[in-house]
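# Commentary on secondary and tertiary structure
For reference, the chains in residue letters:
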Amino acid sequence: MKRILVLLVAFVSLNAFAQGGATSSSSVKVGYLSYQAAIKAMADYTLAQQKLTDLKAKYQAETKRVEDEFNRKYEEFLDGQRDFPKSILQKRQTELQELMQKNIAFKNSSVEQLAKDEAEIFAPLYAKLNDTLAKMCAEKGFAFIIDTDAKAVPVVNPLMCEDINQAVQNALK
């Protein structure tokens, strides 16, 4: 929300400056694009997405393996609980509880690790896109470039802003 407010204040300030504080011929140039469309159009996007898909599959396979192990041990516990002496019964219950806690901890840590891995996998793409946008901003004289994906800017006046989606995609190829 702060980002939206900062962009809005910057745009209003620059627009007011362009209209009142400068000559009538000067105006603020603003570019806009879909950041996600630009990322998805990059040549390395498919490779990065495949790496992420493979990594997710590995985590899912390990999660299934530990769940199957827990279910097997739980079934064994249920089958033998009538015949176990009290001390063995308590020991098996404790083992199942520990195994369940480890499984839950693994699921939680795998979600966190997967998010970190995703950020790491896509970091080079984001860096390349940001560099391209910075160059384009300087070359075309934009005051700033708006990412329309966040829906923070639901309407863009094409007379005051330039759609740079295709230019960015071409520059990234």
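Residues numbered from 1 in each chain as written. Predicted model: local features only at pLDDT ≥ 70, side-chain atom pairs only at ≥ 80, totals over all residues. Heavy atoms only, no water.

### Overview of the packing of aromatic side chains
Given two aromatic rings, one states the distance between the centres and the angle between the planes to describe the pair. Going through the model one piece at a time under the given rule, you end up with 5 aromatic pairs. Ring geometry for Tyr59 and Phe106: centres 6.5 Å apart, planes at 40°, overall tilted. Taken together, the residues Tyr59 in helix H3 (residues 45-80) and Phe106 in helix H4 (residues 86-140) connect sequence positions 47 residues apart. Both rings, one in Phe122 and one in Tyr126, keep their centres 6.3 Å apart while their planes meet at 40°; by these two values the pair is tilted. A residue pair is termed a helical-turn pair when its members lie 3 or 4 positions apart in one helix, as Phe122 and Tyr126 do in helix H4 at 4 residues. By relative accessible area, Phe122 is classed as buried at 5%. Taken together through their ring pairs, the aromatic side chains of Tyr35, Tyr45, Phe122 and Tyr126 make up a single cluster. Above the ring of Phe142, the side-chain terminus of Lys29 is found at 5.5 Å from the ring centroid. (Phe/Tyr/Trp six-rings, centres within 6.5 Å; stacked < 30°, edge-to-face > 60°. Helix = DSSP H or I, 4+ residues; strand = E, 2+ residues; numbered from the N terminus. Buried < 20%, exposed > 50% of the residue type's maximum accessible area, 1.4 Å probe, protein only. Lys NZ or Arg CZ within 6 Å of the ring centre and 35° of its normal.)

### A few points about the confidence of the model for the protein
In this model, the protein carries a mean pLDDT of 86, and residues with pLDDT of at least 70 account for 85%. Scored below 50 in pLDDT, residues 20-25 makes 3 contacts in the model with residues more than four places away or belonging to other chains. (pLDDT = per-residue confidence, 0-100. Contact = heavy atoms within 4.5 Å.)

### Some points on the sheet that holds strand E3 (residues 161-163)
Ordered in space as E2-E1-E3, the 3 strands form an open sheet in which the pairing is parallel. Single-partner strands in this sheet number two, and they are strand E2 (144-147) and E3. Going across the sheet, the axis of each strand differs from the next one's by a mean of 30°, ignoring polarity. With 3 bridges joining them, strand E1 (residues 30-33) and E3 adopt parallel strand pairing. Note that in E3 the partner of Gly31 across the bridge is Glu162. (Pairing = 2+ DSSP bridges. Axes fitted to C-alpha atoms, helices over the stretch in contact; angles between N-to-C directions.)

### Re H4
It helps to recall that an α-helix has 3.6 residues per turn; residues three or four apart then point in one direction. Here H4 spans 79 Å end to end across 55 residues, near enough to the 81 Å set by a 1.5 Å rise per residue. In the structure, H4 departs most strongly from a straight axis at Phe122, where the bend amounts to approximately 45° and where the proline Pro124 lies between one and four residues downstream. (Expected span 1.5 Å × (residues − 1). Bend = angle between axes of the 7 residues up to and from the residue.)

### Notes on the packing of H4 against helix H5 (residues 165-172)
Packing of H4 against H5 brings their axes to within 10 Å, and their N-to-C directions diverge by 120°. By the angle class used here, H4 and H5 are oblique. Regarding H4 and H5, the two cross each other, and that crossing is right-handed. Only Ala167, Val168, Ala171 and Leu172 of H5 make contact with H4, whose side of the interface consists of Lys128, Leu129, Thr132, Leu133 and Met136. A class-by-class count of the residues in the contact of H4 with H5 yields 7 nonpolar, 1 polar and 1 charged. (Parallel < 35°, antiparallel > 145°, perpendicular 65-115°, else oblique. Left-handed = near helix turned anticlockwise from the far one by under 90°. Nonpolar A, V, L, I, M, F, W, Y, C, P; charged D, E, K, R; others polar.)

### Some remarks on the packing of H3 against H4
Where H3 meets H4, the closest approach of the two axes is 10 Å, and the angle between their N-to-C directions is 180°. As the angle between them shows, H3 and H4 are arranged roughly antiparallel. Residues of the contact of H3 with H4, tallied by class, amount to 18 nonpolar, 6 polar and 10 charged.

### So, the side chain of Thr63
Here Thr63 is to be found in helix H3. Beyond its immediate sequence surroundings of up to four residues, Thr63 is in contact with Phe106 and Lys107.

### Some remarks on the pattern of salt bridges
The tally for this structure, following the rule as stated, stands at 8 salt bridges. For Glu162, the salt bridge identified is with Lys140, shortest N-O distance 3.1 Å. Here Glu162, found in strand E3, pairs with Lys140, found in helix H4; they are 22 residues apart in sequence, far enough to count as distant. The exposure class of Glu162 is partly exposed, given its relative accessible area of 29%. (Salt bridge = Lys/Arg side-chain N within 4 Å of Asp/Glu carboxyl O.)

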